[in-house]
Amino acid sequence: MNRASSSKDKPFATGAQGKPKFYLTTPIYYANSRPHVGSAYTTIVCDVIARYKRMCGYDVAYLTGTDEHGVNIERAAEKQGITPAQLVDRNEKIFRDLWKLLGITHTDFIRTTSTEHARAVQHLVRRTMKRSPDAIYKAKYEGRYCIYDNLYVSDTPEPANCPTCGRPAELVSEENYFFRLSAYQDKLLELYKAQPQFVQPDFRLNEVRSFVESGLKDVSISRKSIKWGIPWPDDPEHVFYVWYDALTSYMSGIGYGEGENGSAEFQKYWPADLHMIGKEIIRFHAVYWPAFLMAAELPLPKQIFAHGWLLFEQEKMSKSKGNVAYPEPIVKVLGNDALRYYLLREVVFGQDGNFSREALLTRYEADLVNGLGNLASRVLAMIESYFESHVPEPTSDNAITKFISGPIESIAREHYDAYRFSSAVQDIWRFISQVDAYLVQEKPWKIASDPIHRGQLREVLYTAAEALRIITALAHPVLPEATQEIWRHLGQPGRLEDFQLNELVWGGLKPGTRISKPEAIFPRMEYKPTYERIETMEQEIRNPGATQPAAATPAAEGAVAPASAKIGIEDFAKVELRVGVVKAAERIQGADKLLKLLVDIGDEVRQVLAGIALAYAPEDLVGRKVVVVTNLAPRKMRGLESNGMLLAASAGADGKPVLCTFVEEIPAGAKVK
Ligand code: ME8
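Residues numbered from 1 in each chain as written. Predicted model: local features only at pLDDT ≥ 70, side-chain atom pairs only at ≥ 80, totals over all residues. Heavy atoms only, no water.

**Focus on the nonpolar core**
Counted only if it meets this: Take the buried Ala, Val, Leu, Ile, Met, Phe, Trp, Tyr and Cys residues and link them wherever side-chain atoms come within 4.5 Å; each set so joined is a nonpolar core. Here the term buried applies to any residue with accessible area under 20% of the maximum for its type, exposed to any over 50%, and partly exposed to those in between, with areas from a 1.4 Å probe on protein chains only. Contacts between residues were defined by any pair of non-hydrogen atoms, one from each residue, lying within 4.5 Å.
Core analysis: the largest hydrophobic core is formed by 111 residues, its most contacted members being Phe355 and Trp429. For tryptophan 429, the residues in contact, after removing those within four places along its chain, are Tyr341, Asp367, Leu368, Leu372, Ala475 and Leu479.

**Side note on the side chain of histidine 489**
Going by this rule: Under the scheme used here, helices are H or I runs from DSSP no shorter than 4 residues and strands are E runs no shorter than 2 residues, and both carry numbers assigned from the N terminus.
Among the secondary structure elements, histidine 489 is positioned in helix α18 (residues 480-489). Note on histidine 489: relative accessible area 8%, which makes it buried. When neighbours within four sequence positions are excluded, histidine 489 is seen to be in contact with Leu380, Ile515, Ser516, Lys517 and Pro518.

**What to know about the sheet that holds strand β15 (residues 315-316)**
Selection criterion: Here a strand pair is declared whenever DSSP counts at least two bridges between the two strands. All axes are obtained by fitting lines to C-alpha atoms, using only the stretch in contact for helices, and the reported angles, taken between N-to-C directions, cover 0 to 180 degrees.
With mixed pairing, the 3 strands of this open sheet are ordered in space as β15-β14-β16. Taken across any chain shown, the strands that pair with only one partner, and hence form the sheet edges, are β15 and β16 (353-355). In terms of strand pairing, strand β14 (residues 310-312) meets β15 through 2 bridges, oriented antiparallel. Residue pairing for β15: phenylalanine 312 is matched across the bridge by glutamate 315. Running over the sheet, helix α12 (residues 336-346) touches β14 and β16 and is turned about 150 degrees from β16.

**Section: the packing of aromatic side chains**
Each aromatic ring pair is specified by the distance between its two centres and by the angle formed by the two planes. To keep it simple, the criterion reads: Under the pairing criterion, centres of Phe, Tyr and Trp rings, with the six-membered ring standing for Trp, must be within 6.5 Å; the plane angle then separates stacked pairs below 30 degrees from edge-to-face pairs above 60, leaving the rest tilted. Put simply, a charge is over a ring when the Lys NZ or the Arg CZ is close to the ring centre, within 6 Å, and near the line of the ring normal, within 35 degrees.
Following the criterion strictly, the structure yields 35 aromatic pairs and no others. Ring geometry for phenylalanine 179 against phenylalanine 292: centres 4.8 Å apart, planes inclined by 85 degrees, an arrangement best described as edge-to-face. A residue pair is termed long-range when its members are at least 10 positions apart, and phenylalanine 179 in strand β6 (residues 170-179) and phenylalanine 292 in helix α10 (residues 282-296) qualify at 113 residues. Cation over ring: arginine 96 sits above phenylalanine 109, and NZ or CZ is 4.2 Å from the ring centre.

**Focus on the pattern of salt bridges**
Threshold: By definition, a salt bridge exists where a carboxyl oxygen of Asp or Glu is found within 4 Å of a side-chain nitrogen of Lys or Arg.
Applying the stated criterion across every chain, the model contains 41 salt bridges. One salt bridge in this structure joins lysine 21 and aspartate 273, with 2.7 Å as the shortest N-O distance. Taken together, the positions of lysine 21 in strand β1 (residues 21-30) and aspartate 273 in the loop between α9 (264-269) and β12 (274-278) put the pair 252 residues apart, joining distant regions of the chain. The buried category is assigned to aspartate 273, whose relative accessible area is 12%. Among the ionic pairs, glutamate 576 bridges to arginine 578, the shortest N-O distance being 3.5 Å. Because the salt bridges share partners, they merge into one network encompassing Asp47, Arg51, Arg340, Arg495, Glu497 and Asp498.

**As for the site of the ligand**
Quick note on the threshold: Being near a molecule or strand, for a residue, means having at least one of its heavy atoms within 4 Å of it. Any N or O atom pair separated by 3.5 Å or less is treated as a polar contact, with the protein-specific requirement of one donor-capable and one acceptor-capable atom, and with residues adjacent in sequence counted only for side-chain atom pairs.
As a matter of local geometry, the ligand sits amid 22 residues, with Ile28, Thr42, Asp67, Glu280 and Leu310 nearest to it. Within the backbone of tyrosine 30, an N or O atom sits 2.9 Å from an oxygen atom of the ligand. Elements with a minimum of two residues in the shell around the ligand: β1, α2 (37-55), α8 (242-252) and β12.

**Let's talk about the environment of glycine 308**
With respect to the element layout, glycine 308 can be found in the loop between β13 (304-307) and β14. As for glycine 308 and valine 60, which are separated by 248 residues in sequence, their C-alpha atoms are 24 Å apart. Here glycine 308 is in contact with Tyr41, Lys279, Gly350, Gln351 and Asp352, once residues within four sequence places are set aside.

**Comments concerning helix α13 (residues 357-387)**
Here is the rule: Take the seven residues that end at a residue and the seven that start at it, fit an axis to each, and the angle between those axes is the bend at that residue.
Along α13, the sharpest kink reaches roughly 40 degrees, centred on asparagine 374. Regarding α13, its N-cap is serine 356, as a side-chain oxygen of that residue lies 3.3 Å from the backbone nitrogen of glutamate 358 further along. Directly after α13, the chain includes glutamate 388, whose backbone phi takes a positive value near 45 degrees.

**Description of the side chain of arginine 345**
The following threshold applies: The charge count treats Lys and Arg as positive and Asp and Glu as negative. His and the chain ends do not count.
Mapped onto the fold, arginine 345 is located in helix α12. Look at arginine 345: it is buried, it has no salt bridge, and the nearest opposite charge is aspartate 367 at 4.4 Å. With sequence-adjacent residues up to four places away left out, arginine 345 is seen in contact with Arg363, Asp367, Ser422, Val425 and Gln426.

**Quick look at the state of the cysteines**
Two cysteines, two sulfur atoms, one covalent bond between them: this is a disulfide. The condition that has to hold: When two cysteine sulfur atoms are found within 2.5 Å, that pair is recorded as a disulfide.
Inspection of every chain in the model, using the stated rule, returns 0 disulfides. In this structure cysteine 56 is a free cysteine whose sulfur lies 16 Å from that of cysteine 46, the closest cysteine sulfur available. Residue class for cysteine 56 comes out partly exposed when judged on its relative accessible area of 24%. Lacking any disulfide linkage, cysteine 165 is separated from the closest cysteine sulfur, that of cysteine 146, by 3.8 Å.

**As for the packing of helix α3 (residues 71-80) against helix α4 (residues 84-101)**
Our working definition: Every angle not falling under 35 degrees, over 145, or within 65 to 115 is termed oblique; those three ranges are roughly parallel, roughly antiparallel and roughly perpendicular. Just so you know the grouping, Ala, Val, Leu, Ile, Met, Phe, Trp, Tyr, Cys and Pro go in nonpolar, Asp, Glu, Lys and Arg go in charged, and all remaining residues, Gly too, go in polar.
Packing of α3 against α4 brings their axes to within 8 Å, and their N-to-C directions diverge by 100 degrees. When the axis of α3 is compared with that of α4, the two are roughly perpendicular. Taking contact as the criterion, the partners of Ile73, Glu74, Ala76, Ala77 and Gln80 in α3 are, on α4, Pro84, Leu87, Val88 and Arg90. For the contact of α3 with α4, the per-class residue count stands at 6 nonpolar, 1 polar and 2 charged.

**Structural notes on the environment of valine 435**
When you line up the elements, valine 435 lands in helix α15 (residues 421-442). For the pair valine 435 and isoleucine 515, spaced 80 residues apart in the sequence, the C-alpha separation amounts to 19 Å. Other than its neighbours up to four places away in sequence, valine 435 contacts Leu375, Phe403, Ala464, Ala467 and Ile471.

If you want it as structure tokens, here you go:
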């Protein structure tokens, strides 16, 4: 792939020559809707691995991207009255923006609608037909198709009902290209036997093996009835059907399809060391994908890791049920590290885990504010007070034995290596508790006043600061922002992400190093308002405008706008807008977000309810000029009538409304047009 064209957001650059390489991928996410905490989960986990591997000396390539073809994209676009291209352009941007917001260090980003990708898919199928002439053949496809939902319901002719609308699906029959998956059964079983690490965790390998042993059917890999896809080479009536197209992105994303043997990047990084996926797509990755590659005589990925599902408040996330959590509000309210820490600490990686806002806030307070944040502030503040901001000289040189008996590598690292993130984090936090307990026992704040104890004070604070440095480096893959901050306050040079963990030895903190005291690394929060802020922002993403009923609310950042047909001037002229002057404003009991306003619109004073209470104090509004939609049908909210709507702008999912107003003099009632 041409990085410059496909990676507009300048993702993290790959490292220097001469290092071992590590190539990892997330699934290529469907661009039919915006990402939620589930898609962010896999991407964050991969980011932790990428950062950890870099700190272990690897040259890491990290690919993510968007899956932009297929019937569900066509359907989603149709529902919104836009073209599939418009839909995927919008959603792809939302994915990219989110990865930027989350500080994801991917090196490559692939869109399956890019020309590089189409070229790669066509190249792969041509190569396959050359190397394994029997692997692909044309035959009649018979399946069940729902004409109401435009959905392939089943790939067999037996009667079936549509899972979406429940109606009987129609029998369709067309000529397709098939991949002879059945011919790869033995080779796949041999692969699983020779490389049991190929599928992880182990219990997933057992599932995959049983599936293959039970017999494999050939799979259709093209469609004639779909337009939105990559044309089959020399037979453009057909387009590639989803999985052949989607899986190839793992290679096209690093330049497969450029020339006969792929770009230099492809040659360097392929095969992938790790495809990280959710458990529901394991068969495609552990059965189809290696078979496609065997037929093309290309090297196979080294490992597929299928993690569990993130449930939301104990239920499977489902957009139709409205129980989907979005990452943006959490990140905007508590910061990136809070979300990362919670996901990695709370979920035992590989198993299903629960996502709960309560648990997120509890962990934030207990482990980040009172744990790491508090330790850093205390230790650095004491060094500032007692040693004029310079790291004191210790009296012994191996005080780490106070905390652990083995080498530093025994903390967290083997857990990181095995992708046991919650155990890695637990190890690090155990270390934090030990340092806390050590401080409580030694009481540096007490002995500081007596010069007799100066040596002991030096020892205690050096030990605590050096432990903090080690904790900071080990926690960096999980908490990249906070740890970089602590690192800097500890007087350590450079970016922690460039630090090599094999250089992490006790005594690395030089006595005399100048430190500084941080502001709160993790600011304290009040539980209830924080919870409500996150909830309100999530509602706003789910249902733009609904939380601010009487103020016009632009769609949340990145939300896909409804059918964007152009309107004529006559449509606009239907809206009557007038200058209003706020005469009175008050809060409404039991409605945190609403204000009740009396607004003079020239010839009358209207009561208007506006969802602006979180952004404006009622007393600040009196006398203010606003823009009022005056010909809206009156509406009741909380038992009160609202007779008009104020115009306001807002930016981003957390964007508070900002009222439209006037700078020049203008009387109440003047028309706005
Ligand atoms: O399947 N918990 O795309 P997709 C944990 N385009 N992980 C979750 C999750 C949840 N609740 N929800 C989603 C596709 N994920 C195909 C993939 S790859 C060649 C093509 C994550 O948008 C998890 O990684 O449905 C899952 O496998 C992936 O998002 C599915 O993303």
